[in-house]
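This is what each chain is made of:
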Amino acid sequence: MIEIIVKNSKLITLPRIDDGIDGSISVAENFKHIPFAVKRVYYIYNLLNQKAIRGKHAHKKLEQALFCINGSCEIGLDDGTLHQDITLDTPNTGIYLGVELWHTMKNFSDNCILLVLASDVYKKDDYIRDYDEFKKYIDLRRRRRLRGGN
Ligand code: T46
């Protein structure tokens, strides 16, 4: 099992209940398996261009959990210091994507379905879509934290 080394992220393993030839069920409950209350669910699919690179942004406040529930894809994580690529290819294993993490989604298999559970509704202002701006933002946040602010 891969170890996540970037800040504000970890692997999430959901329970998997196998019903033999009748299939399997995986379950995600707020605060039990997902470390926040889920307010929004969306999924990314129809990835006709397997070379697509999605994401390329960070969030200021939004927390998310990503599960590739069909096929596979790769999630690039960057906390401003460390970078890591994680392959998601198991429906009950996901990634917790905390705040202030630059992320990309890439190397999609053609049947990929990426399910995302999010802690808030869609807010355009929560996105940082420029990498230099992201670096400045996390640096400012770090200096504020050192001074005892939040
Ligand atoms: C994230 C990664 C993992 C909405 O109107 N409402 C929504 O809830 C979402 C998620 C998207 N949109 C619209 C905004 C854009 O016009 O859908 C379009 C594509 O969104 P975006 O380019 O942000 O998609 P991704 O795949 O780059 O990023 C998405 C999420 O937006 C983002 O929060 O962290 O998945």
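Just so you know, these numbers come straight off a predicted model, no measurement behind them.

Examining the sheet that holds strand 7 (residues 73–78)
If you walk across this open sheet you meet the five strands as 8-7-10-5-12, and the pairing is antiparallel. Either end of the sheet is taken by a strand with one partner, and the two such strands are strand 8 (83–88) and strand 12 (127–128). In this sheet, strand 10 (residues 102–106) lies alongside strand 7 in antiparallel orientation, the contact comprising five bridges. Within the sheet, the bridge partner assigned to Glu74 lies in strand 10 and is Lys106.

Looking at the site of the ligand
In the vicinity of the ligand there are 13 residues, among which Arg40, Arg54, His59, Gln64 and Tyr127 approach most closely. The contact in question runs from an oxygen atom of the ligand to an N or O atom on the side chain of His59, over 2.7 Å. Contact with the protein chains covers 68% of the free accessible surface of the ligand, which is 650 Å². Taken together, the elements giving at least two residues each to the shell around the ligand come down to strand 4 (40–44), strand 5 (54–59) and strand 10.

Re a nonpolar patch on the surface
A contiguous nonpolar surface patch, about 350 Å² in accessible area, is contributed by Val41, Tyr43 and Tyr45. Take Tyr45: it is sitting in the loop between strand 4 and strand 5.

With respect to the packing of aromatic side chains
Within this structure, the stated rule accounts for six aromatic pairs. Relative to Phe134, the ring of Trp102 lies with its centre 5.7 Å away and its plane at 40°, an arrangement referred to as tilted. Of the two residues, Trp102 sits in strand 10 while Phe134 sits in helix 1 (residues 131–146), which places them 32 residues apart along the sequence. By relative accessible area, Trp102 is classed as buried at 11%. Through successive ring pairs, a cluster of aromatic residues spans Trp102, Tyr131 and Phe134.

Some remarks on the pattern of salt bridges
What the rule picks out here adds up to eight salt bridges. One salt bridge in this structure joins Glu100 and Arg145, with 4.0 Å as the shortest N-O distance. With Glu100 in the loop between strand 9 (93–97) and strand 10 and Arg145 in helix 1, the pair connects residues that are 45 residues apart, well separated along the chain. On the basis of relative accessibility, which here comes to 43%, the residue Arg145 falls in the partly exposed class. Close ionic contact of Asp120 with Lys123 constitutes a salt bridge, the shortest N to O distance being 2.7 Å. On the basis of relative accessible area, Lys123 is assigned to the partly exposed category, the value being 42%.

Comments concerning the sheet that holds strand 11 (residues 113–118)
Here five strands make up an open sheet; going across it, the order is 1-9-6-11-4 and the pairing antiparallel. Two strands in the sheet have a free side with no partner beyond their single neighbour: strand 1 (9–13) and strand 4. Sheet twist, expressed as the average angle between the axes of neighbouring strands with direction ignored, equals 25°. Pairing of strand 6 (residues 64–70) with strand 11, which is carried by six bridges, proceeds in the antiparallel orientation. Opposite Phe67, over in strand 11, you have Leu115 as the bridge partner.

The rules we used
- Residues numbered from 1 in each chain as written.
- Predicted model: local features only at pLDDT ≥ 70, side-chain atom pairs only at ≥ 80, totals over all residues.
- Heavy atoms only, no water.
- Pairing = 2+ DSSP bridges.
- Helix = DSSP H or I, 4+ residues; strand = E, 2+ residues; numbered from the N terminus.
- Near = heavy atom within 4 Å.
- Polar contact = N/O pair within 3.5 Å; in protein donor to acceptor, adjacent residues only side chain to side chain.
- Areas by Shrake-Rupley, 256 points an atom, 1.4 Å probe, with all protein chains shown as cover.
- Patch = residues over 30% accessible without salt bridge, like charges linked within 9 Å, V, L, I, M, F, W, Y side chains within 5 Å.
- Salt bridge = Lys/Arg side-chain N within 4 Å of Asp/Glu carboxyl O.
- Phe/Tyr/Trp six-rings, centres within 6.5 Å; stacked < 30°, edge-to-face > 60°.
- Buried < 20%, exposed > 50% of the residue type's maximum accessible area, 1.4 Å probe, protein only.
- Axes fitted to C-alpha atoms, helices over the stretch in contact; angles between N-to-C directions.

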